[in-house]
Amino acid sequence: MSDTRCPAPIGFADCIDYWAGDLTRVEEDRIEDHVFACSPCARELADAEALARGVARVAREGRLHSVVSDAILNRLSADGVRIRTYTLEGTGVIPCAVWADDDLVVARIRADFAGVDSVTIVTRRASGEEISRISDIAVRPGQREILNALSAAHLRKLPATLVRVTVTAQLGAGERTIAEYALEHAGALDRTKPSAHA
Ligand SMILES: [Zn+2]
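As the structure is a prediction and not an experimental result, all values here were calculated from the model.

Moving on, we get to the pairing of strand β6 (residues 130-138). Pairing of strand β5 (residues 118-125) with β6 involves 6 bridges; the strand directions are antiparallel. The partner of V122 across the bridge, within β6, is R133. The loop that links β5 with its antiparallel partner β6 comprises 4 residues; one of these, G128, has a positive phi angle of about 100°.

Structure follows, in structure tokens:
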């Protein structure tokens, strides 16, 4: 057992699918064999179990920072978690905000991930201060979208600010920027105010 980084992480989405019973027997065996020898992934699998069992609570307590799948979002939604989604695609500044009764804010990040095995997604304020960082996100061949979920409770602490989301890939010794998006974050809004992009 090693406590260092995993060279081939299972990925949180697959961990969730494991607990949700959405994997084949072969995929389940692969995960079980892997976590037996890999403590970072064993921890992630345990986190995924906590999420699978108490998703709504985790989201509402502001502890969720993760890459999710549509299957997870459907499950969260069925469990009563209120999800606000923004699609990050192309250029141009995307207006966004978090409302008083949102539980989860999801950035649907669309980019060309061709030739890339894994990416890091960093969300920063205009000042450069990091809001969230998720590293070593596995990308499957043909994948066109990564869903980055952030707790609304966490985002409600953020004032109105320009937000930058940067997707990078590690290539040899260097880092390549795959995509970069700018969001004009209007801050935490009250439900009584009209939503221009519900
Ligand atoms: Zn591992």
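Strand order in the open sheet made by the 5 strands is β3-β9-β8-β5-β6, with mixed pairing throughout. Taken across any chain shown, the strands that pair with only one partner, and hence form the sheet edges, are β3 (93-99) and β6. When strand polarity is set aside, the average angle formed by the axes of neighbouring strands in this sheet is 25°. Summarising the sheet, β3 and strand β9 (residues 174-189) pair through 6 bridges and their orientation is parallel. Across the sheet, V93 pairs through a bridge with A182, a residue of β9.

This paragraph deals with the side chain of R84. With respect to the element layout, R84 can be found in strand β2 (residues 83-88). With relative accessibility at 8%, the residue R84 sits in the buried group. Of the polar contacts made by the side chain of R84, one reaches the side chain of D102; its length is 2.7 Å.

Moving on to unusual backbone geometry. Even without being glycine, D136 reaches a positive phi, approximately 55°. On the secondary structure map, D136 appears in strand β6. On the basis of relative accessible area, D136 is assigned to the partly exposed category, the value being 30%.

Calculation criteria
- Residues numbered from 1 in each chain as written.
- Predicted model: local features only at pLDDT ≥ 70, side-chain atom pairs only at ≥ 80, totals over all residues.
- Heavy atoms only, no water.
- Pairing = 2+ DSSP bridges.
- Helix = DSSP H or I, 4+ residues; strand = E, 2+ residues; numbered from the N terminus.
- Axes fitted to C-alpha atoms, helices over the stretch in contact; angles between N-to-C directions.
- Buried < 20%, exposed > 50% of the residue type's maximum accessible area, 1.4 Å probe, protein only.
- Polar contact = N/O pair within 3.5 Å; in protein donor to acceptor, adjacent residues only side chain to side chain.

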